[in-house]
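The primary structure of each chain is shown beneath.
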Amino acid sequence: MSSQYLNDDLSALDYVQKDYLRGLQLERLRKMVQHAYDHVELFNSRMKERNLVPADVKSLGDIAKLPFMVKADLRDTYPFGLFAVPMSEVVRLHASSGTTGKPIVVGYTRSDLEVWMEVVKRAFASCGLTRDDVIQVSYGYGLFTGGLGAHYGAEALGATVVPTSGGNTQRQIMLMRDFGTTAVCCTPSYFNFMIEQALAQGIDMRDLPIKAGIFGAEPWTEEMRKRIEAASGIKAYDIYGLSEIIGPGVAIECGCQQGMHVFEDHFYPEIINPETGEVLPDGETGELVLTTLSKYAMPMIRYRTRDITKIIAEPCECGRTIRRIARISSRSDDMFIIRGVNVFPSQIETAILSVDGTMPHYNIILYTENGLDNIEVDVEINEELFSDKVRSMEALQHRLTSAIEGLIGLRVRVKLVAPNTIQRSEGKARRVIDHRER
Ligand code: ADP
Ligand code: K
Ligand code: ZN
């Protein structure tokens, strides 16, 4: 890392001057491209196919000439085919679940781990956390990047880390109270479960010292944020990351909660049209493509995330100069097509949570009837309503149905279900159940 920022508070990089930042990005990009060209066969051959050499990257705009990398590249080269350093330099492996077939494996050198630690530390600082905070890490520890990623960043910040990992929820709540936890890191769906479990133990989170939640690893909506904040009295921050790029800490919200600042000095963001691959200007919505600028064990150049968002280049009220990305409202992988209509689960979540009396627990069931694909949405409703008169249940069901149909433009079957009947998640929630006939 160059000169003046070295020994300062690393968060200074969030406020760096644009020209300085672009210069730093270009310098790092060129080095990264050379490194990948020299050591990653797949990248080298794709460059050669295009008659490109690393020296062709003369400006940041030249990145658009470079080939993309996709998830299948990681699968095809499983486990270590994209590694660009000898195994003796690799000090950590992680792997992402990968619901089908082989997982995706990623590796880190010692300096990669330092970069990761630094960005997560800056992420926590962006949420106003300091060494005086007690941070409970309830992301799963292990091959998943969430737990250890948050852990080392929190430690680097100097906060007191409580490494509970996921699960054993009753105990999590007890420790949260007894240790005076001020911030929790987990998936938003898991935090909903924690709120519920706390109430079951007679604990209202609003009475605890907890003030911040750093939530990510799965898509969630603005409506979900409102529900969480109201039920727990905390401020809920959106954090974004993916194993292929580094893990959590690629981008995070600041106190303004208006999009997530990307740590651009380490991860170069682009938005492309997913159909044509063409780069879109800031402000336009498309697929997020990320390039690692300082990760050496497994450099990722123009990695297509399949996450849909836009870059917000306007200055943020917090004063940070690094650009933001909008909440990841959808990812291509989650979209399903029903009778020709594209539907994103986040649209359904938004509709459900806009109706009073619903709980943030639901399932989306896709099924086939008489040769046609249909959607059923099962939604938990709160205790009082459930024991209430049939009439008000019917009215609620009606409101829900029209809220969902209004947003997605398709007929749906809505089922109100009793409290505590929908499977809770301790990690990434799986809310879509596909029973369609193929
Ligand atoms: P897996 O691919 O097994 O889920 P990862 O933990 O690497 O493993 O998942 C990264 C993906 O999780 C991202 O590409 C994105 O789709 C999703 N994700 C992570 N953070 C967020 C967030 N804050 N909002 C929406 N989606 C997110
Ligand atoms: K090693
Ligand atoms: Zn900001």
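Within each chain, residue numbers correspond to sequence positions counted from 1 in written order. As they are written, the chains are lettered A onward and the ligands numbered 1 onward, keeping that order. The predicted origin of the model limits local features to residues at a pLDDT of at least 70 and limits the giving and counting of side-chain atom pairs to 80 or more, whereas totals for whole chains, interfaces and linings rest on all residues. Only hydrogens and water are set aside when side-chain values are computed; all heavy atoms of the structure are taken into account.

Per an unreviewed UniProt entry, the protein chain goes by Phenylacetate-coenzyme A ligase and derives from Victivallis vadensis. Per its UniProt entry, the protein chain bears the Function (unreviewed entry) comment "Catalyzes the activation of phenylacetic acid (PA) to phenylacetyl-CoA (PA-CoA)." Taken from UniProt, the Pathway (unreviewed entry) comment for the protein chain reads in full: "Aromatic compound metabolism; phenylacetate degradation." UniProt positions are given in the numbering used here, feature names are shortened, and annotations may be inferred rather than shown by experiment.

> Help me understand the pattern of salt bridges in this model?
A side chain of one charge can pair with a side chain of the opposite charge when the charged atoms of the two come close. In what follows, salt bridge is the name for a side-chain nitrogen of Lys or Arg lying within 4 Å of a carboxyl oxygen of Asp or Glu. Evaluated as defined, the whole model comprises 28 salt bridges. Close ionic contact of Glu253 with Arg225 constitutes a salt bridge, the shortest N to O distance being 2.7 Å. One end of the pair, Glu253, is in strand S8 (residues 247-253); the other, Arg225, is in helix H8 (residues 222-232), with 28 residues separating them in the sequence. Arg225 carries the same exposure label as Glu253, and that label is buried. When the shortest N-O distance is used, the salt bridge between Glu349 and Arg431 registers 3.7 Å. Taken together, the residues span a long stretch of sequence, with Glu349 in helix H9 (residues 345-353) and Arg431 in the loop between strand S21 (413-417) and strand S22 (432-435) at a distance of 82 residues. The exposure classification of Glu349 matches that of Arg431, with both residues buried. Strands here are runs of E lasting at least two residues and helices are runs of H or I lasting at least four, both read from the DSSP assignment and numbered beginning at the N terminus. Whether a residue is buried, partly exposed or exposed follows from its accessible area with a 1.4 Å probe, protein chains only, as a fraction of its type maximum: under 20%, in between, or over 50%, in that order.

> What's the story with the coordination of the zinc ion (ligand 3) in this structure? I'm lost.
Coordination angles at a metal have ideal targets, namely 109.5 degrees for four tetrahedral donors and 90 or 180 degrees for six octahedral donors. Taken together, Cys254 (SG), His261 (NE2), Cys316 (SG) and Cys318 (SG) make up the protein donors of the zinc ion (ligand 3), found 2.1 to 2.3 Å from the metal. Metal sites are built from N, O and S donor atoms within 2.8 Å, or 3.2 Å for Na, K and Ca, and they leave out water, so they may look incomplete. Geometry assignment treats four donors as tetrahedral when all angles are between 85 and 135 degrees, treats four as square planar and six as octahedral when opposite donors are over 155 degrees apart and all others between 65 and 115, and treats everything else as irregular. Bound by four donor atoms, the zinc ion (ligand 3) shows angles of 103 to 114 degrees at the metal and therefore tetrahedral coordination geometry. Positions of the donor residues of the zinc ion (ligand 3), expressed as sequence spacing, correspond to C-x6-H-x54-C-x1-C. The exposure class of Cys316 is buried, given its relative accessible area of 8%.

> Could you clarify how one ought to interpret the domain arrangement of the protein chain in this entry?
The parts lose accessible area when they come together, and the size of an interface is often stated as this lost area. Domain start and stop points were drawn from an automatic or database domain assignment. Along its sequence, the protein chain is carved into domain 1 (1-332) and domain 2 (336-434). On the domain 2 side, the residues contacting the 21 residues of domain 1 number 20 residues. Buried surface area refers to the total accessible area, computed with a probe of radius 1.4 Å, that the two partners give up upon joining, counted for both partners together. For the domain 1 and domain 2 pair, buried surface summed over both sides reaches about 1800 Å², with 53% attributable to carbon and sulfur atoms. The shortest N-O distance in the salt bridge between Arg424 and Glu196 comes to 2.7 Å. Polar contact is the term for a pair of N or O atoms within 3.5 Å; when the atoms are in protein, one must be able to donate a hydrogen and the other to accept it, and sequence-neighboring residues count only if both atoms are side-chain atoms. Inspection of the region where domain 1 meets domain 2 yields twelve residue pairs in polar contact (both at pLDDT 80 or more). Elements with a minimum of two residues in the side of domain 1 that touches domain 2: helix H7 (188-200), H8 and strand S16 (330-331). In terms of residues, the side of domain 1 that touches domain 2 owes the most to one element, H7, which gives five residues. Residues were grouped as follows: Ala, Val, Leu, Ile, Met, Phe, Trp, Tyr, Cys and Pro as nonpolar; Asp, Glu, Lys and Arg as charged; and all remaining residues, including Gly, as polar. Of the residues belonging to the side of domain 1 that touches domain 2, the class tally is six nonpolar, ten polar and five charged. Whether two residues are in contact is decided by their heavy atoms: any pair within 4.5 Å suffices.

> Whenever I open this one, the sheet that holds strand S11 (residues 279-280) confuses me. Can you help?
Within a sheet, each strand pairs with its neighbour through backbone hydrogen bonds, oriented either parallel or antiparallel. At least two bridges found by DSSP between two strands is the condition for calling them paired. Sheet architecture is open: five strands sit in the order S11-S10-S12-S13-S16, paired in antiparallel fashion. The open sheet has two edge strands, S11 and S16, and neither has a second partner. Across two bridges, strand S10 (residues 267-272) lies against S11 in antiparallel orientation. Looking at the pairing, Ile272 lines up with Val279 of S11.

> Would you mind showing me how to read the coordination of the potassium ion (ligand 2) here?
Within the protein, the potassium ion (ligand 2) binds to Met87 (O) and Val90 (O); these donor distances fall in the range 2.6 to 3.0 Å. Under the relative-accessibility criterion, Met87 is labelled partly exposed at 40%. Accessibility expressed as a relative area gives 14% for Val90, which makes it buried.

> Any chance you could explain the packing of H8 against H9 here in plain terms?
Packed helix pairs are characterised by how far apart their axes lie and by the angle those axes make with each other. Between H8 and H9, the least distance of the axes is 8 Å, while the angle of their chain directions is 45 degrees. In terms of orientation, H8 lies oblique with respect to H9. Packed against H8, whose contacting residues are Glu223, Met224 and Arg227, the element H9 presents Glu349, Thr350, Ile352 and Leu353 at the interface. Grouping the amino acids of the contact of H8 with H9 by side-chain chemistry returns three nonpolar, one polar and three charged. Axes, fitted as lines to C-alpha atoms, cover a helix only where it is in contact. Angles between the N-to-C directions of the axes lie from 0 to 180 degrees. With respect to orientation, any angle under 35 degrees is reported as roughly parallel, any angle over 145 as roughly antiparallel, any angle of 65 to 115 as roughly perpendicular, and every other angle as oblique.

> Looking at this model, I keep getting lost on the packing of aromatic side chains. Mind explaining?
When two rings of Phe, Tyr or Trp (its six-membered ring) have centres within 6.5 Å they constitute a pair, described as stacked for plane angles under 30 degrees, edge-to-face for angles over 60, and tilted for the intermediate range. Counted under the stated rule, the structure contains six aromatic pairs. Measuring from ring centre to ring centre gives 5.1 Å for Phe80 and Phe83, while their planes differ by 35 degrees; the resulting arrangement is tilted. Residue Phe80 is classed as partly exposed on the basis of its relative accessible area, which comes to 35%. Ring geometry for Phe215 and Trp220: centres 5.8 Å apart, planes at 80 degrees, overall edge-to-face. Overall, the relative accessible area of 3% leaves Trp220 in the buried class. Each residue in the set Phe191, Phe215 and Trp220 is aromatic and connected to the rest through ring pairs, giving one cluster. The ring of Tyr108 has Lys295 sitting right over it, with the charged end atom 5.9 Å from the ring centre. We count a charge as sitting over a ring when the NZ of a lysine or the CZ of an arginine lies within 6 Å of the ring centre and within 35 degrees of the ring normal. Directly above the ring of Phe68 sits Arg304, whose terminal nitrogen or CZ lies 5.5 Å from the centroid.

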